[in-house]
2 protein chains.
Amino acid sequence: MDIKNLLIASSDEAWEKYLPHISIDCVVFGFHDASLKVLLTRLKGENDWLLPGGYVGKGEELKEAAIRILEQRTGAKDIYLQQFEVFDGLNRTSAFFEEYPEGLWHKIRFIAVGFYALVDFTHVIPVADAFSSDCEWQDVNNLPGMLMDHRAILDKALITLRRELNYKPIGLSLLPEEFTMPELQSLYEIILGRKLNRGNFYRKMIAYGILIKLNHSRTGGAHKAPNLYKFDVEKYNEALKGGFKESW
Amino acid sequence: MDIKNLLIASSDEAWEKYLPHISIDCVVFGFHDASLKVLLTRLKGENDWLLPGGYVGKGEELKEAAIRILEQRTGAKDIYLQQFEVFDGLNRTSAFFEEYPEGLWHKIRFIAVGFYALVDFTHVIPVADAFSSDCEWQDVNNLPGMLMDHRAILDKALITLRRELNYKPIGLSLLPEEFTMPELQSLYEIILGRKLNRGNFYRKMIAYGILIKLNHSRTGGAHKAPNLYKFDVEKYNEALKGGFKESW
C-alpha cells in the first residue's frame, strides 16, 4: 500500500486515539568521535526527510508520547528527551496534505512540541517503521532536503543544545571514561560548529570544577602523551541539576 | 452573573472559536527599584489567583494569541512575550471544573503553552477583565495561593529567566539610562533571589563588554559617589541576539 493510502487508512483510528491539534517531533542528535549526526526518517515514496514524529494519545502525557514515538519510528529506546520549543505557523504542515481528502486527520492544524536529545550514535541502531523507507543518522553538516518546517525545528534544537553548554555540563555518556582535554574540546567544537581557543577552553573547563586529572596517560607514541581526565560524577550531576557554580 | 454561569455561557462560543486542547498562560514579571513582582488575576468569587491565560483562535498563531490574551486579561500591551515551556499532566485543570456540566469547553484536557516576559511594573496599570475581580502585581517573594498548576508554571518561568542571565544581557528597559554598578547588581540579585559577591559581579559585567563607564557621577552627598555606567546599546543588542562573546 502506498503512503497516501496508508495515511488515509490510519486517519479514523487517529481521530479516535489522539488529541487533535498537537503533534510531537523529536530531534535526536548523535555524537561519536568527531562527528555530529541527527536521526531522520523518510516516508515511503518521498525524496526528502523528516524528524521522527507523531501524536499524543488521549490518556498519554507529552513526555510519554515522545518516548513512545521515538521508539516506534526509529527503534531508539531509553533516550532522555527534553522539550525545547513549540512550533506553530498556520500552514506549517497543511501544504503537504493538500491533495488528501477533507476530514483526513493529518490535514488539520497541528502545533508541534519539539523534544531533543544528545546520545552516542553508536548506541542506537535505527529501524524504519511501516510508513518509512529509511531511518538513518545523517550528518548535521550535510543534511538532506527535509519536508515542512522540520529543518527549522532541527536548527532550533541545535541552538538550544549550544545554549545549554553555558550552564550544563556535557560529555558523560559521550566520551570514553578517560579522555584528554583536546578530546573534550573536540566535543564542544563539534556541537558549536566552530574552533575554540585552546587556552580559554582549558581555563573554562577547569573553572567548572567537574574534572579530575588522572596520574597516568595513554601509553605508546614517541611524544609525551596529553594528560588524561575523567568527570567527577558527583559534581557533574550537581552541575547538571543546579547549573555550574560560576553561572548565575 | 456568577463565575460558574459566565463560564457555562462562554463554552459554546469557545468550541466555535478556539483550538481545543491548547491553552496559553502568561507569566509577566515586573521589576522596579529593588522589587520583583508578577502579574496575577483572580476569578470572581475565588480566593486564589491565576496567571493571565486563555485560548488560541482557530486562525490565530500562538504568539499572537498570547499577546491578545495578555491585553484582554490585564490591559498590558506591547509586552515582548517569549514561550518557555509546555505544561501537561492529565488532570492539571480538570479538578477545578469537576462540578461543571459535561461537554463544557473548560473541562477538556488542555496542554498549556507558557509565555513569559520581564518589564518595568510601573509601566503597566493592570485592569481586571469581565471574569475577574482583581488583576494585580504580586510580590514574587510573597505570593498568594494559586489555582491548578499555575504556581508550578510561574516557578518554571523564573528558572528560565534566571538561566537566560548566563547568555543574554538584562536591564536595558529596567534601569534608568545611567546607573551605578550596585544598582545593576541589585537587579541581578532580585531576579536570582540571592546576594552576589561584589568583586565577581563587577568582573563578569566588565567582561561582558556591554557597559560604558561615564565620566560623571551623581552629585550631592559627602562621600565620593559611585561611578555611573550606561549600556552600549549596539553591543547589548548584539549580545541579546547572539549571546555574550565569552559564552559558548
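Before going into details, it helps to say that this report is about the structure given with it. Not measured: the values here are computed from a predicted model.

Quick look at the sheet that holds strand β9 (residues 228-231) of chain A
Residues and elements named next belong to chain A. Ordered by their spatial adjacency, three strands build an open sheet running β7-β9-β8, and the pairing between neighbours is antiparallel. Since the sheet does not close on itself, it has two edges, and those belong to β7 (179-180) and β8 (211-213), each with one partner. Summarising the sheet, β8 and β9 pair through three bridges and their orientation is antiparallel. Paired with I212 across the strands is K230, a residue of β9.

Overview of unusual backbone geometry
All names here are of chain A. Positive phi, normally seen in glycine, also occurs at H21, with a value near 75°. Residue placement: H21 occurs in strand β1 (residues 18-32). One non-glycine residue, D78, lies in the positive phi region at around 55°. Position of D78 among the secondary structure elements: in the loop between α2 (62-74) and β4 (82-87). Owing to a relative accessible area of 79%, D78 belongs among the exposed residues under this scheme.

Here's the deal with the pairing of strand β1 (residues 18-32) of chain B
Residue and element names in this part refer to chain B. Counting buried residues in β1 gives 14 out of 15 residues, a clear majority hidden from the surface. Sheet analysis places β1 next to strand β3 (residues 53-57), joined by four bridges and oriented antiparallel. Bridging across to β3, I24 finds its partner in G54. Direction of pairing for β1 relative to strand β5 (residues 111-120): parallel, over a ladder of ten bridges. Bridge pairing links S23 to A112 in β5. Linkage of β1 to strand β2 (residues 35-43), two consecutive antiparallel strands, is achieved through a turn of two residues, within which D33 is found at a positive phi near 50°.

Digging into the interface of chain A and chain B
Taken together, the contact pairs 36 residues of chain A with 36 residues of chain B. At the boundary of chain A with chain B, total buried surface from both sides reaches about 3,100 Å², with 62% on carbon and sulfur atoms. The largest contributions to the chain A side of the interface with chain B come from N166, Y167 and W248 of chain A, which together make up 28% of the buried area. Viewed at the interface, chain B and chain A are joined by zero salt bridges. Remark: the boundary between chain A and chain B carries ten residue pairs in polar contact (both at pLDDT 80 or more). Listing elements by their share of the side of chain A that touches chain B, those giving two or more residues are β1, β3 (53-57), β4, β5 (111-120), α3 (150-164), α4 (181-192) and α5 (198-208) of chain A. Class assignment of the residues belonging to the side of chain A that touches chain B gives a composition of 18 nonpolar, seven polar and eleven charged.

Description of the nonpolar core
Formed by 50 residues in total, the largest nonpolar core has its most connected members in I24 and V28 of chain A together with I24 of chain B. At the level of secondary structure, the elements contributing two or more residues to this core comprise β1, α2, β5 and β6 (132-139) of chain A together with β1, α2 (62-74), β5 and β6 (132-139) of chain B. Apart from the residues within four sequence positions on either side, I24 of chain A is in contact with P52, G53, G54, V56, L62, A65, A66, I69, V113 and F115 of chain A.

Let's talk about the environment of K77 of chain B
Relative to the helices and strands, K77 of chain B is located in the loop between α2 and β4 (82-87). It is 10.0 Å that separates the C-alpha atoms of K77 of chain B and I125 of chain B, two residues lying 48 residues apart in sequence.

As for the sheet that holds strand β9 (residues 228-231) of chain B
Here three strands make up an open sheet; going across it, the order is β7-β9-β8 (chain B) and the pairing antiparallel. Pairing within the sheet leaves two strands with one partner each, and these edge strands are β7 (179-180) and β8 (211-213) of chain B.

Notes on helix α3 (residues 150-164) of chain B
In an α-helix, one turn spans 3.6 residues, which is why side chains three or four residues apart end up on the same side. Residue and element names in this part refer to chain B. Here α3 contains 15 residues, and its C-alpha end-to-end distance of 21 Å stays within 8% of the 21 Å for a straight helix at 1.5 Å per residue. Among the residues of α3, those classed as buried are H150, I153, L154, A157, L158, T160, L161 and E164. Take α3 and look down its axis: the buried residues cluster within an arc of 160°, on one side only. The inward-facing, buried residues of α3 abut β1, β2, β4, β5 and α4 (181-192).

Section: the packing of α4 of chain A against α5 of chain A
Residues and elements named next belong to chain A. Contact geometry of α4 with α5 gives a least axis separation of 11 Å together with a crossing angle of 95°. Accordingly, the angle class assigned to the pair α4 and α5 is roughly perpendicular. Here M181, P182, L184, Q185 and Y188 of α4 come into contact with α5, specifically with R198, F201, Y202, M205, I206 and Y208. Counted by class, the contact of α4 with α5 contains nine nonpolar, one polar and one charged residues.

Concerning the state of the cysteines
Across all of its chains, the model carries zero disulfides over all chains by this definition. Of all cysteine sulfurs in the structure, the one in C26 of chain A sits closest to C135 of chain A, which takes part in no disulfide; the separation is 11 Å.

Quick look at the packing of aromatic side chains
Residue and element names in this part refer to chain A. This structure, assessed with the given rule, holds 31 aromatic pairs over all chains. With a centroid separation of 6.2 Å and 45° between ring planes, the pair formed by Y18 and W105 is classed as tilted. Of the two residues, Y18 is situated in strand β1 and W105 in the loop between β4 and β5; the sequence distance between them amounts to 87 residues. Residues Y18 and W105 agree in their burial class; the two are buried. Between F84 and Y116, the ring centres sit 5.8 Å apart and the planes meet at 90°, which makes this aromatic pair edge-to-face. Of this pair, F84 sits in strand β4 while Y116 is found in strand β5, placing the two residues 32 residues apart along the sequence. You can call Y116 buried: its relative accessible area is 2%. Pairwise contacts between aromatic rings join W15, Y18, Y55, W105 and F110 into one cluster.

What counts as what
- Residue positions are counted from 1 within each chain, in the order its sequence is given.
- Throughout, the order in which chains and ligands are written sets their labels, letters from A for the former and numbers from 1 for the latter.
- Totals for whole chains, interfaces and linings use all residues, but because this is a predicted model, local features are given only for residues with pLDDT of at least 70 and pairs of side-chain atoms are given and counted only at 80 or more.
- Values shown for side chains rest on all heavy atoms present in the structure; no hydrogens or waters enter the calculation.
- Any two strands with at least two DSSP bridges between them are considered paired.
- In this description a helix means any DSSP run of H or I spanning at least four residues, a strand means any run of E spanning at least two, and both kinds are numbered starting from the N terminus.
- Three exposure classes are used, based on accessible area relative to the maximum for each residue type with a 1.4 Å probe and protein chains only: buried under 20%, partly exposed in between, and exposed over 50%.
- Whether two residues touch is decided by their heavy atoms; if any such pair falls within 4.5 Å, the residues are in contact.
- Accessible area that two parts lose when put together, evaluated with a 1.4 Å probe and summed over both, is termed the buried area.
- Basic side-chain nitrogens of Lys or Arg form a salt bridge, by our definition, when they fall within 4 Å of a carboxyl oxygen of Asp or Glu.
- Counted as a polar contact is a pair of N or O atoms within 3.5 Å, where, for protein atoms, one must be capable of donating a hydrogen and the other of accepting one, and residues adjacent in sequence contribute only when both atoms are in side chains.
- Any residue outside Ala, Val, Leu, Ile, Met, Phe, Trp, Tyr, Cys, Pro, Asp, Glu, Lys and Arg is labelled polar, Gly included; the first ten of those are nonpolar and the last four are charged.
- Nonpolar cores were defined as sets of buried Ala, Val, Leu, Ile, Met, Phe, Trp, Tyr and Cys residues, with membership established by side-chain atoms within 4.5 Å.
- Multiply 1.5 Å by the residue count of a helix minus one, and that product is the helix's expected span.
- Regarding the arc, it is the one traced by the directions from the helix axis to the C-beta atoms.
- Angles run from 0 to 180 degrees between N-to-C directions of axes, and those axes are lines fitted to C-alpha atoms, restricted for helices to the stretch in contact.
- Relative orientations are named as follows: roughly parallel for angles under 35 degrees, roughly antiparallel for angles over 145 degrees, roughly perpendicular for angles from 65 to 115 degrees, and oblique for any other angle.
- For the purposes of this analysis, a disulfide is any pair of cysteine sulfur atoms at a distance within 2.5 Å.
- Only Phe, Tyr and Trp rings are paired, with Trp represented by its six-membered ring, and only when their centres lie within 6.5 Å; those with planes under 30 degrees apart are stacked, over 60 edge-to-face, the remainder tilted.

Fair warning: the whole summary comes from geometry, so function is off the table for now.
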